[in-house]
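Secondary and tertiary structure notes
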Amino acid sequence: MLNVDSEDTIDLEEYLIENRPATFSLLMKGNAMQDEGILDGDLVIVERGKTPKQRDIVVAEIDEEYQLKKMSSLKSNQKTTVVAVVVAIVRKYR
Amino acid sequence: MVTGRERGMATAISQEAKKLGVSRGMPIFLIKKQFPEVLVVDSNYRSYSEFASRMFEIVRRFTPLVEEYSIDECFADLTNVLNPEKMAQEIKQTLKRELGLTFSIGLASTKVIAKIASKWNKPDGFTVIRHSDIRTFLKDLQIGKVWGIGPATSMHLRKHGIQTALNLIDRPKQWVEANLSKPELERWKELQGEQVYKVHAELGEKQVSIQRTRSLSKTANKEIIFSELSNNIENACANARADKLKSRKIYIFLKTQTFRYKRAEVRLTSPTNSPTTVLNAIRASFDSIYDLGVEYRATGVTLSELSSTESTQNDLFGEVLKNQKKDILFETIDKLERRYGKNTIQLGSSLKSSRMRKTKPNKPLWILSLGEVV
């Protein structure tokens with residue numbers, strides 16, 4: 001899973017981020033996405049300008065609010081804007 | 001919305017607030033009194049400078065010739081691009097897609113006209129001013145709106161009956177030379193579409209150093225070896241002068257018959273491209289790396305830490321701009337912001353490698369927050 005091969009060090013920035021200038025963070029509020037493994041208080045790393053795939057989790061702007069949605073669950077007739085694609089979740093335990 | 005609460009004056013104004021009549025520099029207490037519906041917040045400089053460096057980074061994907069002009073503006077030189085208009089569109093779209101902000105872009109043959117173009121259709125504007133359209137765009141443009149023409153100069157120009165930018169370019173060159181100063185003559189040229197001001201790209205500067213090496217027929221003669229080195233230095237300096245560059249750090253090396261390198265470096269107090277200055281500076285180093293009785297096969301010099309000889313001229317221009325801006329209270333902050341932007345520069349990568357290499361900026365990673373999500 002970790003793309004570090006034989007190396008014994010990891011650069012978190014490089015690991016989490018692909019397109020630096022297009023990367024942003026959001027703070028997860030509530031447990032609406034717990035089935036997807038995203039919990040209240042998680043730091044959500046997202047990338048703008050990426051074309052979403054069906055299995056992606058995306059940030060959608062719905063009713064002037066950012067909501068995490070599974071791309072596959074977005075109805076095409078729904079008036080939503082996909083703002084960014086979730087690329088990583090950071091969770092601190094202590 | 002208005003930012004600048006911490007400074008007591010509006011530093012950035014949303015389109016909505018602009019429409020109400022809020023302008024840059026307006027005191028916060030006045031805004032609160034006159035426009036109670038306007039939301040006044042602190043400026044977030046870290047976030048601004050992060051957005052700025054991201055903007056510069058994205059534009060540099062398209063061309064290394066990017067001048068970071070201020071915290072929210074840059075110039076990109078698309079002179080040698082096959083289809084500049086298409087590239088400018090792509091830059092704009094990429095910025096919007098990846099940063100989620102709108103940018104106004106102006107495309108023209110000179111910096112002064114490009115500035116006008118970029119301001120033409122704010123926000124989210126895209127304006128191309130072709131040579132043949134220049135007059136149309138300048139017709140109703142107040143002279144004081146031209147980049148670098150401050151209140152004092154525009155008053156002076158008005159006294160001469162010059163109200164608009166078009167009025168200025170309609171004056172013959174002789175008149176401009178006789179009645180105005182050098183900066184105005186430069187603006188006059190730029191407004192006509194004749195380029196005076198270059199885009200000062202700091203990253204992606206193609207030339208990082210100038211090298212000259214030459215092999216010589218096997219000798220241990222100190223004088224011959226020194227004159228060989230001197231020859232290389234002369235050539236390298238000539239090269240630097242041709243490219244309008246000066247060097248601040250000089251490396252010299254001697255290569256022995258047994259292929260060993262003896263190196264030395266000298267840092268000068270000020271940049272130069274004069275061979276005599278360089279020779280004087282490296283003489284002692286040469287003496288220290290030269291070994292008596294050893295045979296040498298080559299000498300070489302590298303001029304590095306190159307800077308443009310035009311930078312003194314630029315300073316003049318900057319000085320002029322600054323003086324004209326004196327009455328604007330943003331001078332200090334502009335400087336600061338310019339510096340903020342510049343701190344994010346990564347030095348000296350070559351044209352290709354700067355695009356291909358995964359560059360890691362030498363600064364902490366700020367991930368901009370978009371707030372909360374549910």
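Heads up: the structure comes first, above all this text.
Now for a description of the structure that goes with this document.

Conventions used here
All chains use their own residue numbering, which begins from 1 and follows the written sequence. Going through the entries in the order they are written, you letter the chains from A and number the ligands from 1. Local features are withheld for residues below a pLDDT of 70 in this predicted model, meaning they are given only at 70 or higher, and side-chain atom pairs are given and counted only at 80 or more; totals for whole chains, interfaces and linings count all residues. In computing side-chain values, all of the structure's heavy atoms are included and hydrogens and water are not. Numbering of helices and strands runs from the N terminus; a helix is a DSSP stretch of H or I covering at least four residues, while a strand is a stretch of E covering at least two. Here the term buried applies to any residue with accessible area under 20% of the maximum for its type, exposed to any over 50%, and partly exposed to those in between, with areas from a 1.4 Å probe on protein chains only. Two residues form a contact once any of their heavy atoms are found within 4.5 Å. Computed with a 1.4 Å probe, the accessible areas rest on the Shrake-Rupley method; for each residue, only the protein chains presented here act as cover. The term buried area refers to how much accessible surface (probe radius 1.4 Å) is lost by two components on association, counted for both of them together. Under the rule applied, a polar contact is a pair of N or O atoms within 3.5 Å (in protein, one hydrogen donor and one hydrogen acceptor; residues adjacent in sequence only if both atoms are side-chain atoms). Amino acid classes used here: Ala, Val, Leu, Ile, Met, Phe, Trp, Tyr, Cys and Pro are nonpolar; Asp, Glu, Lys and Arg are charged; the rest, including Gly, are polar. The pairing criterion for strands is at least two bridges between them, as found by DSSP. For helices, the axis comes from a line fit to the C-alpha atoms of the stretch in contact; other axes are also lines fit to C-alpha atoms, and the angle between any two N-to-C directions lies between 0 and 180 degrees.

**A closer look at the overall build of chain B**
Secondary structure assignment for chain B yields 15 helices and twelve strands. The buried share of chain B, taken over its 374 residues, is 43%. Contacts in chain B between residues far apart in sequence, at least 24 positions, make up 60% of those at least 6 positions apart. In the form shown here, chain B has an accessible surface area of approximately 20200 Å², with 52% of it arising from carbon and sulfur atoms.

**Here's the deal with the interface of chain A and chain B**
With 24 residues of chain A at the contact, the number on the chain B side is 24 residues. Summed over both partners, the interface of chain A with chain B buries about 2400 Å², with 57% contributed by carbon and sulfur atoms. Three residues, A:Arg20, A:Pro21 and A:Phe24, lead the burial of chain A against chain B; their summed loss comes to 29% of the area buried on that side. Run the count over chain A and chain B and you get 13 residue pairs in polar contact (both at pLDDT 80 or more). Breaking the side of chain A that touches chain B down by element, the ones donating at least two residues are helix H1 (12-16), strand S1 (23-28), strand S2 (43-47) and strand S4 (65-70) of chain A. Split by residue class, the side of chain A that touches chain B holds twelve nonpolar, five polar and seven charged.

**Looking at the sheet that holds strand S11 (residues 296-308) of chain B**
All names here are of chain B. Sheet architecture is open: four strands sit in the order S8-S11-S9-S10, paired in antiparallel fashion. Strand pairing shows two members of the sheet lacking a second neighbour, strand S8 (210-219) and strand S10 (261-272), which therefore form its edges. With direction set aside, neighbouring strand axes in the sheet form an average angle of 15 degrees. Bridge count between strand S9 (residues 245-256) and S10: eight bridges; the pairing is antiparallel. Note that in S10 the partner of Ile-250 across the bridge is Val-266. Against the sheet, helix H12 (residues 275-289) makes contact with S9, S10 and S11, and its axis sits at roughly 155 degrees relative to S10, the strand it touches most.

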